[in-house]
Amino acid sequence: MVPTNPYGHVNEDLSAVANDAYRKRRRRYLISAIIIASCVVGIILLLALTAGNFRTPRFRVRSATFGTFNVGNSTSPSFDIQMNAEVGIRNRNFRRFHYRDTVVDFYYRDQKVGEGNVWDDRVKGRDTRKFVVPVILSSSNVTSSSELGNDINGGVLPLRSRSRLTGKFKILIFFRKYKHVNMDCSMELVIASRVLRNISCR
């Protein structure tokens, strides 16, 4: 007669308890993983939906200094001016603004007289990046000599700067919010004092 194990039912009970504890532990891990994943997805969706609230940065000419400064007279009107325009990009948001290369065009009475390059860079959140854009202003393309002669005789050259800046804000590592910033600034170049005045940007 084979002897029976008096502890057999005890081992079976312990095994059942261990299996039940393992299933409960797996269930808790699964529920925790689902909750965490749901929270992450919710945060990402919230950021994606609110990304449109980024404010458009401001892009404008602030001032200028001058090097070579050759201006004719009312009878022989012309100009050839080396201008170092100080340009500013103001980021009114809390995230960095990464922008691409662009060109700033300068006009005299809607006739292009010069251009300067803006190289790709970034602006910190809630900050203004200022830099110098070298420009050669030349009247070689100006068609109305009489109008230019009158402006030189009056001592003031009306100028306008135009440009379009494209950049983006990064949201986590998944999303990008692109912004297009237009520059349209009018200003007056005072010939005698060699200063820009009445700079107005919209």
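Details of the structure are given in the entry above.
What you are looking at is a predicted structure, and each value in this text was computed from that prediction instead of being measured.

Moving on, we get to the pattern of salt bridges. Tallying each qualifying case throughout the model produces 11 salt bridges. Among the ionic pairs, Arg162 bridges to Asp110, the shortest N-O distance being 3.7 Å. Of this pair, Arg162 sits in strand β8 (residues 156-171) while Asp110 is found in the loop between β4 (102-108) and β5 (111-118), placing the two residues 52 residues apart along the sequence. Here Arg162 falls in the partly exposed class, since its relative accessible area comes to 29%. Between Asp121 and Arg129 there is a salt bridge, and its shortest N-O distance comes to 2.7 Å. Among the residues examined, Asp121 registers a relative accessible area of 29% and is labelled partly exposed. With relative accessibility at 31%, the residue Arg129 sits in the partly exposed group. Among the charged side chains, a salt-bridge network with shared partners connects Asp110, Arg160, Arg162, Asp184 and Arg202.

This part takes up unusual backbone geometry. Of note in the backbone geometry, Arg194 takes a positive phi value of approximately 55 degrees without being a glycine. In this structure, Arg194 sits in the loop between β9 (175-190) and β10 (195-201). In the Ramachandran plot, Asn198 falls in the positive-phi region, its phi being about 55 degrees despite a non-glycine side chain. Position of Asn198 among the secondary structure elements: in strand β10. On the accessibility criterion, Asn198 (53% relative accessible area) is exposed.

Here the focus is helix α2 (residues 145-154). Every buried residue of α2 is accounted for by Leu148, Gly149, Asp151 and Ile152. Relative to the axis of α2, the buried residues are bounded by an arc of 165 degrees and lie together on one face. Seen from the open side of α2, the exposed residues pointing more than 90 degrees away from its buried face are Ser146, Asn150, Asn153 and Gly154. Check the buried side of α2 and you find it contacts β1 (58-71), β2 (79-91), β4 and β8. Positive phi appears at Gly155, one or two residues downstream of α2, with a value of about 85 degrees.

Before going further, it helps to spend a moment on a positive patch on the surface. On the surface, Arg55, Arg58, Arg60, Arg90 and Arg126 cluster together into a positively charged patch. In this fold, Arg60 is placed in strand β1.

Turning to the side chain of Asp184, a few remarks are in order. Considering the arrangement of structural elements, one finds Asp184 in strand β9. Other than its neighbours up to four places away in sequence, Asp184 contacts Arg160, Ser161, Arg162, Ser200, Cys201 and Arg202.

Read from one edge of the open sheet, 3 strands run β1-β2-β7, paired in antiparallel fashion. Every interior strand has two partners, whereas the edge strands, β1 and β7 (127-138), have only one. Neighbour-to-neighbour, the strand axes of this sheet turn through a mean angle of 15 degrees, independent of strand direction.

Grouped together as the largest cluster of nonpolar side chains are 39 residues, with contacts concentrated most on Phe59, Met83, Leu137, Leu157 and Leu196. Residue contributions to this core peak at 6 residues, all from β2. Beyond its immediate chain neighbours, meaning those up to four positions away, Leu137 contacts Phe79, Asp80, Ile81, Met83, Phe106, Val113, Gly114 and Leu159.

Turning next to the environment of Asp120. Tracing the sequence through the fold places Asp120 in the loop between β5 and β6 (121-123). Placed 47 residues apart in sequence, Asp120 and Gly167 show a C-alpha to C-alpha distance of 9.0 Å. Discounting residues that sit within four places of it in the chain, Asp120 has contacts with Tyr99, Arg100 and Asp101.

About the cut-offs
Residues numbered from 1 in each chain as written. Predicted model: local features only at pLDDT ≥ 70, side-chain atom pairs only at ≥ 80, totals over all residues. Heavy atoms only, no water. Salt bridge = Lys/Arg side-chain N within 4 Å of Asp/Glu carboxyl O. Helix = DSSP H or I, 4+ residues; strand = E, 2+ residues; numbered from the N terminus. Buried < 20%, exposed > 50% of the residue type's maximum accessible area, 1.4 Å probe, protein only. Arc of directions from axis to C-beta. Contact = heavy atoms within 4.5 Å. Patch = residues over 30% accessible without salt bridge, like charges linked within 9 Å, V, L, I, M, F, W, Y side chains within 5 Å. Areas by Shrake-Rupley, 256 points an atom, 1.4 Å probe, with all protein chains shown as cover. Lys, Arg positive; Asp, Glu negative; His and termini not counted. Charge placed at Lys NZ, Arg CZ, Asp CG, Glu CD. Pairing = 2+ DSSP bridges. Axes fitted to C-alpha atoms, helices over the stretch in contact; angles between N-to-C directions. Core = buried A, V, L, I, M, F, W, Y, C linked by side-chain atoms within 4.5 Å.

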